[in-house]
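# Fold and contact review
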Amino acid sequence: MAGGFQVDALDVARWQFGVTTVYHFLFVPLTIGLSVLVAILQTLWHRTGDEKYLKLTKFYGKLFLINFAMGVVTGIVQEFQFGMNWSDYSRFVGDVFGSFLAIEALVAFFLESTFIGLWIFGWDRLPKRLHLASIWAAAIGTNLSAYFILAANSFMQNPVGYRVNPESGRAELTDFVAVLTNKVALITFPHTIAGAFLVAGSLLVAVALWHLIRNRDSADTPAYRFAAKFGSWVTLVAAAAVVITGDIQGKIMTQVQPMKMAAAEGLYATESPASFSVLTVGSLDGTRELFALKIPYLLSYLGTGDPNGTVQGINDLQAQYTAQYGAGSYTPIIPVTYWSFRFMIAFGLAAAAIALLVLWTHRKGRTPGSRWLLRAGLVMPLLPLVANSFGWIFTEMGRQPWIVFGEMLTRDGVSRSVSLAEVLTSFTAFTLIYATLAVIEFKLLVRYARAGVPDLTPAPEPDDTDDAERPLAFAY
Amino acid sequence: MELTTVWFLLVAVLFTGYFVLEGFDFGVGMLLPVLGRDDRERRVLINTIGPVWDGNEVWLITAGGAMFAAFPEWYATLFSGFYLPLLLILLALIARGVAFEYRHKRPEAAWKRRWDRAIFWGSLLPAVLWGVAFANILRGVPLTADHEYAGGLLDLLHPYALLGGATTLALFLTHGAVFIALKTVGDVRERAGALAVRLGVVTAVLAVAFLTWTLAIRSSAAAVVLAVGAALALVGGLAAARVRREGWAFTGTAVAIGLAVATLFAALFPNVLPSTLDAAGTLTAANAASTPYTLKIMTWVAVVFTPIVLAYQGWTYWVFRKRIGVAHIPRH
């Protein structure tokens, strides 16, 4: 950046997309994971009649809803933002990408929003089974919604099932099923969902652990013990799923976006066999490495499944793309991709390690009491949340300079009619309102997490209340 | 029928559904400080829409998605062109949505007061701005030959657009008052019913003026019929409100809003965003559309899923059909 710093509408639009998307995805993993976990807790209550499950359902249900509201309102911004800041991108991909957003809204989001309303307010209005079905319908809607969104995103990573019309210059859908079953979508979906359960499981553990360690012998200890163990198992299984799907994803990425794999590794020269860099310090301009700690053969294995396989380097790919697409840089910002990739892995694994520790402290009917474990437990949900964010930063930044890989550059997708002042206004407004709401949301979550599981003994009814005037089981 | 026409109709239906449904919950939000004299009454008002507002808002998300999918040029030009109004709408919808969920989470009066303000402004801004936006869509905006918006913010704020904003504001207020009268018992119901009648007179004048002006700008036989229908439904609804037939009053305002939105779309067709600058810039259902293949797939998805969505959303309204009053509000 020699010779002064200049900001244009494109830079601000990119920052806005980054900030609003990462922010939106702070809430989405909890919505995806916790909707299912709450549904499971409520199902356990139905099956066993054990009140501990009902208490946990109501307790974690409240935390779920505090989080859910934020996911919904920040999601609307995402849909509008494509048209507002990225209108040339929207023109180019509307035929393919837009249809997935529309189908998501019609097929999944209606289901989620309508049934969540029925679940929140339906405790005394719906038959028990129908009320249970409502939370499952909402959970299914949420997860289905994730698939359509990820299929749309996967088209940007690995465009399939389309052709570019030479007359209009727009991408046109030619094979809907191909887009729906894009191999990147098929593997990104389980990876993302597993990542979401990593967050949700960790939240279960953190909150339960806090209560367990603070008060070892309360009437609710069995409920918290169950939640801590259940959450730990969810976290561990999710971690295993994240690793397995991430491994497959790495191999697919090496095929379809080799530059992203090379950028994840800071691998400048093509190597066979290629070693995995645990830590590499590069020169500031990002073209040479100064120091590196490496595990031999590992990158070849991760990228190709063969310890001696060839992994293409940044410099060779850059030369190849220049020949293919014309002069220009086709290399992402290496420090960003390199470190986000490592942070994603490290933070995710750290959460799994704490989950193992929590299970160990619960062995043979024990209840944990260590302050150190408490501290570890409290940061636990933040770890996979940060891992999720870095995962997205990696996958989106690793695609750069493309907005649709091989077809459209990010700089060509931005709205031409939107001025720097306008996009700065919107970026500032969103950042301010998002920051304010983040503080409010976090405080509420902490407040309700501390309050603990609810007391289920019903409040005494005043004598003159007839049935028609009985207070609602839940009201805003 | 051409698929582009089918999708023009579907986008129109989605926006119509959105305004009919979210129209009353905007109205409830705006009437919160007017009809809710204390916290319990305000909670009654919020709870009339509590279980349904989120589902209502999905109509907007679906309408936006349908526009993106079926008419990418329309979506791209409109959303980048109407940048600041849409930004305000988004900020309002964020504040309002969070407010419904968070308001009751703490007992302090100051906390509730802040969220009440968020609900009020978060309902009022979109109620006005949607009218401004749709009036501009109908009248047309300066577009270059390659369909880029060439105006500024002030180009969107002319008298016709402002009348549009005042009309949607008044319609949603009346619709909200009628809805509250339908869904509550006791004092709140009485006050809402009386207010609906008073608001109704102003609303009827604004709506008739706006629709007449609309038809003077561009018109079709269908648009005239729909506009007359909207006016009749509104008058009928108000007459029913006067004699406290709340179900009919709500039917009247709902049909009036639906037909008024339909009037705009009928007058607009086959254009989707006329240009006032370069005639070549005008976007039509044909030149803004996706490919027939995409439209065909989308049609199948819509044919299968729309009835399902309508069924379960309708069922939600049935589940929560009972009126509520202050006695129903729990202490926490």
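Since the model is a prediction, treat every value here as computed from it, not as a measurement. Along each chain, the written sequence defines residue order, and numbers are assigned to residues from 1. For naming, the first written chain is A and the first written ligand is 1, with later ones following in the order written. Given that the model is predicted, a residue must reach a pLDDT of at least 70 before its local features are reported, and side-chain atom pairs must reach 80 or more before they are shown or counted; all residues, however, enter totals for whole chains, interfaces and linings.

### Remarks on the overall build of chain B
- Per the secondary structure count, chain B includes 11 helices and 2 strands.
- A run of H or I in DSSP counts as a helix once it spans at least four residues, and a run of E counts as a strand once it spans at least two, with each numbered from the N terminus. Each helix and strand of chain B, placed in order from N terminus to C terminus, yields the pattern α-α-α-α-α-α-α-α-α-α-β-β-α.
- Our radius of gyration looks at C-alpha atoms and nothing else; its globule reference is 2.2 Å times the residue count to the power 0.38. Its C-alpha atoms give chain B a radius of gyration of 20 Å, within 12% of the compact-globule value 20 Å for 332 residues.
- If one aligns the C-alpha atoms of chain B with their principal axes, the spans along those axes are about 60 × 40 × 35 Å.
- Partly exposed residues are those falling between the two cut-offs: more than 12 but fewer than 20 other C-beta atoms within 10 Å of their own, whereas 20 or more means buried and 12 or fewer means exposed, with C-beta atoms placed from the backbone. A burial count over chain B gives 59% of its 332 residues as buried.
- By the convention adopted here, residues make contact when the C-beta atoms placed from their backbones lie within 7 Å. In chain B, 78% of the contacts between residues at least 6 apart in sequence involve partners at least 24 apart.

### Thoughts on the overall build of chain A
- A tally of helices and strands in chain A yields 15 helices and 6 strands.
- For chain A, the C-alpha radius of gyration of 24 Å lies close to 23 Å, the compact-globule estimate for 476 residues.
- By principal-axis analysis of the C-alpha atoms, chain A measures approximately 85 × 50 × 45 Å.
- Burial status across chain A gives 51% buried among its 476 residues.
- Considering only contacts in chain A between residues 6 or more positions apart, those separated by 24 or more positions represent 77%.

### Observations regarding the environment of Ile116 of chain A
- With respect to the helices and strands, Ile116 of chain A occurs in helix H3 (residues 87–121).
- Take Ile116 of chain A: there are 27 C-beta atoms within 10 Å of it, and that puts it in the buried class.
- Between the C-alpha atom of Ile116 of chain A and that of Phe25 of chain A, which follows or precedes it by 91 residues, the distance is 19 Å.
- With near-sequence residues (within four places) excluded, Ile116 of chain A lies in contact with Phe68 and Ala138 of chain A together with Asp54 of chain B.

### Description of the UniProt feature "transmembrane region" (unreviewed entry) in chain B
Residue and element names in this part refer to chain B.
- UniProt positions are given in the numbering used here, feature names are shortened, and annotations may be inferred rather than shown by experiment. Sites flagged by UniProt as "transmembrane region" (unreviewed entry) map to residues 6–36, 82–99, 119–138, 158–182, 194–215, 221–241, 248–269 and 297–320.
- This span, residues 82–99, is 94% helix and 0% strand, and a straight line between its end C-alpha atoms measures 26 Å.
- Between the end C-alpha atoms of residues 194–215 the distance is 32 Å, and the span holds 100% helix and 0% strand.

### Brief notes about the interface of chain B and chain A
- In this complex, chain B contributes 62 residues to the contact, which on the side of chain A involves 57 residues.
- Residue assignment for the side of chain B that touches chain A shows that the elements contributing at least two residues are helix H2 (39–49), helix H3 (53–70), helix H4 (72–81), helix H5 (83–102) and helix H11 (292–319) of chain B.

### Concerning the packing of helix H7 (residues 159–183) of chain B against helix H8 (residues 187–217) of chain B
Residues and elements named next belong to chain B.
- Contact geometry of H7 with H8 gives a least axis separation of 7 Å together with a crossing angle of 155°. By the criterion of interaxial angle, the relationship of H7 to H8 is roughly antiparallel. Classified by chirality, the crossing of H8 by H7 is left-handed.
- The residue inventory of the contact of H7 with H8, partitioned by class, reads 21 nonpolar, 6 polar and 1 charged. Where helices are involved, their axes are fitted lines through C-alpha atoms of the stretch in contact, as for all axes, and angles between N-to-C directions lie from 0 to 180°. An angle below 35 degrees is treated as roughly parallel, one above 145 as roughly antiparallel, one from 65 to 115 as roughly perpendicular, and anything else as oblique. For any helix crossing, the convention is left-handed if the near helix is rotated counterclockwise from the far helix by under a right angle, and right-handed if that rotation is clockwise. Residues are grouped as follows: Ala, Val, Leu, Ile, Met, Phe, Trp, Tyr, Cys and Pro are nonpolar; Asp, Glu, Lys and Arg are charged; every other residue, Gly included, is polar.

### Describing unusual backbone geometry
- At the junction of Gln400 of chain A and Pro401 of chain A, the peptide bond is cis and its omega measures out at 10° in the coordinates.
- Following the sequence through the fold, Pro401 of chain A ends up in the loop between helix H13 (382–397) and strand E5 (402–404).
- Within the chain, His147 of chain B stands out as a residue other than glycine whose phi angle is a positive 65°.
- With respect to the helices and strands, His147 of chain B occurs in the loop between helix H6 (109–139) and H7.
- Looking at His147 of chain B, the number of C-beta atoms within 10 Å reads 23, which means it is buried.

### Some points on the environment of Leu264 of chain B
- Tracing the chain through its elements places Leu264 of chain B in helix H10 (residues 246–268).
- The contacts of Leu264 of chain B, once residues within four sequence positions are left out, are Phe134, Leu138 and Thr214 of chain B.

### Quick look at H6 of chain B
- Over its 31 residues, H6 of chain B extends 45 Å from the first C-alpha to the last, a length consistent with the 45 Å expected when each residue adds 1.5 Å.
- Phi for Gly140 of chain B, located one or two positions after H6 of chain B, is positive at around 100°. Working rule for helices: expected span equals 1.5 Å times residues minus one.

### Details of helix H15 (residues 420–451) of chain A
- Compared with an ideal rise of 1.5 Å per residue, which puts 32 residues at 46 Å, H15 of chain A spans 46 Å between its outermost C-alpha atoms and is within 8% of the ideal.
- Within H15 of chain A, burial applies to Glu422, Val423, Ser426, Phe427, Phe430 and Ala449 of chain A.
- The inward-facing, buried residues of H15 of chain A contact helix H1 (9–48), helix H2 (51–85) and helix H6 (183–214) of chain A together with H5 of chain B.
- Of the residues trailing H15 of chain A, Gly452 of chain A is marked for its positive phi of about 80°.

### A word on the packing of H6 of chain A against H13 of chain A
All names here are of chain A.
- Two elements in contact, H6 and H13, have axes separated by 8 Å at closest approach and are oriented at 160°. As far as their axial angle goes, H13 and H6 are roughly antiparallel. The element H6 and its partner H13 pack so that their crossing is left-handed. Within the contact between the two elements, H6 uses Gly195, Leu198, Val199 and Ser202 and H13 uses Leu383, Pro384, Leu385, Ala387, Asn388 and Gly391.
- A breakdown of the residues in the contact of H6 with H13 according to their chemical character gives 6 nonpolar, 4 polar and no charged.

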